[in-house]
Amino acid sequence: MWPRKTHSGGRRRAVTDHRRPRRRGQGELEALVLSALREAEGPATAGWVQERLGGDLAYTTVITILTRLLEKGAVGRERVGRSFAWTPASDQAGLAARKMRKVLDAESDREAVLASFVTGLDPDDERLLRELLGDAGDAVDG
């Protein structure tokens, strides 16, 4: 048998990758938007956030993410003219604590969840938690 000829005169054509760019998850986008807001020197508009993120997100996507974050209590907003200026409600630690409380609030047996959480901590974290709880108890007593 004779070798088959290709239409390009025997040369192979490069295959172009037409796949879509990797799609980011909702949590990743929320983290990016929150990070941008924390870098602002004050309340920031959705347009500013969009520009800060390099403009690869649509303006409507930024608004959707900010609205979701508002519903979660992670950001606040104030009316400025016909739009809003947005601010982060807390730092990363405060946001993580809010998520932990939300998970705890969704469970019916809070004692079991807390006990399981504490017994799963490494010794340094358990010691830190005991110190924090001791400090909180001292503040209530004093």
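Residues numbered from 1 in each chain as written. Predicted model: local features only at pLDDT ≥ 70, side-chain atom pairs only at ≥ 80, totals over all residues. Heavy atoms only, no water.

Chemist: How should I be thinking about the overall build of the chain in this particular structure?
Modeler: In terms of regular secondary structure, the chain is built from six helices and two strands. Start at the N end of the chain and walk to the C end: the helices and strands fall as α-α-α-β-β-α-α-α. For the chain, buried positions account for 17% of its 142 residues. Within the chain, residue pairs in contact and separated by at least 24 positions form 42% of the contacts whose partners lie at least 6 positions apart. For the chain, the accessible surface area stands at approximately 11,500 Å², while carbon and sulfur atoms represent 53% of it. (Helix = DSSP H or I, 4+ residues; strand = E, 2+ residues; numbered from the N terminus. Buried < 20%, exposed > 50% of the residue type's maximum accessible area, 1.4 Å probe, protein only. Contact = heavy atoms within 4.5 Å. Areas by Shrake-Rupley, 256 points an atom, 1.4 Å probe, with all protein chains shown as cover.)

Chemist: How do you make sense of the pattern of salt bridges when you look at a structure like this?
Modeler: Any two side chains of opposite charge can pair, given that their charged atoms come close. All chains considered together, the criterion is met by five salt bridges. The partner of arginine 110 in a salt bridge is aspartate 105, and the shortest N-O contact between them spans 2.8 Å. Residue classification places arginine 110 among the partly exposed residues on the basis of a relative accessible area of 38%. Of the charged contacts in the structure, one is a salt bridge between arginine 130 and glutamate 126, with a shortest N-O distance of 2.8 Å. Note that arginine 130 and glutamate 126 are positioned in helix α6 (residues 123–141) at a spacing of four residues, about one turn of the helix. On the accessibility criterion, glutamate 126 (24% relative accessible area) is partly exposed. (Salt bridge = Lys/Arg side-chain N within 4 Å of Asp/Glu carboxyl O.)

Chemist: Looking at this structure, I do not really get the packing of aromatic side chains. What am I missing?
Modeler: Centre-to-centre distance and the angle between the planes together describe a pair of aromatic rings. One pass over the full model with this rule turns up one aromatic pair. Here arginine 77 stacks its cationic end above the ring of phenylalanine 84, 4.0 Å away from the centre of that ring. (Phe/Tyr/Trp six-rings, centres within 6.5 Å; stacked < 30°, edge-to-face > 60°. Lys NZ or Arg CZ within 6 Å of the ring centre and 35° of its normal.)

Chemist: Would you mind going over the nonpolar core with me for this structure?
Modeler: In terms of nonpolar packing, the biggest core is built from 18 residues, with Leu37, Leu66 and Leu69 touching the most fellow members. Mapped onto this core, the elements with two or more residues apiece are α1 (26–39), α2 (46–52) and α3 (59–71). A per-element tally of this core places α1 first, with five residues. The contacts of leucine 69, once residues within four sequence positions are left out, are Glu30, Val33, Leu34, Ala74 and Val75. (Core = buried A, V, L, I, M, F, W, Y, C linked by side-chain atoms within 4.5 Å.)

Chemist: Help me out: how do you make sense of the pairing of strand β1 (residues 75–80) in this one?
Modeler: Regular strands place side chains that alternate from one sheet face to the opposite one. Two strands pair when backbone bridges link them, and β1 and strand β2 (residues 83–88) are joined in this way by six bridges, in the antiparallel orientation. In the strand pairing of β2, valine 75 is matched with proline 88. (Pairing = 2+ DSSP bridges.)

Chemist: Got a minute to help me understand the side chain of glutamine 50 in this structure?
Modeler: Turning to its location among the elements, glutamine 50 is positioned in helix α2. A polar atom in the side chain of glutamine 50 sits 2.8 Å from the backbone oxygen of leucine 57. With sequence-adjacent residues up to four places away left out, glutamine 50 is seen in contact with Gly55, Leu57, Ala58, Tyr59 and Val62. (Polar contact = N/O pair within 3.5 Å; in protein donor to acceptor, adjacent residues only side chain to side chain.)

Chemist: Teacher, can you tell me more about the packing of helix α4 (residues 92–105) against helix α5 (residues 110–119) here?
Modeler: When two helices pack together, their arrangement is given by the angle between the helix axes and the distance between those axes. Closest axis-to-axis distance for the α4/α5 pair is 9 Å, and the angle between their directions is 135 degrees. As far as their axial angle goes, α5 and α4 are oblique. Mapping the contact onto sequence places Met100, Leu104 and Asp105 in α4 and Arg110, Val113, Leu114 and Phe117 in α5. In terms of residue class, the contact of α4 with α5 is made up of five nonpolar, no polar and two charged. (Axes fitted to C-alpha atoms, helices over the stretch in contact; angles between N-to-C directions. Parallel < 35°, antiparallel > 145°, perpendicular 65-115°, else oblique. Nonpolar A, V, L, I, M, F, W, Y, C, P; charged D, E, K, R; others polar.)

Chemist: Could you clarify how one ought to interpret the side chain of glutamate 30 in this entry?
Modeler: Position of glutamate 30 among the secondary structure elements: in helix α1. Classification of glutamate 30 as buried rests on a relative accessible area of 8%. Other than its neighbours up to four places away in sequence, glutamate 30 contacts Ile65, Arg68, Leu69 and Lys72.

Read these as spatial facts, not as claims about activity.
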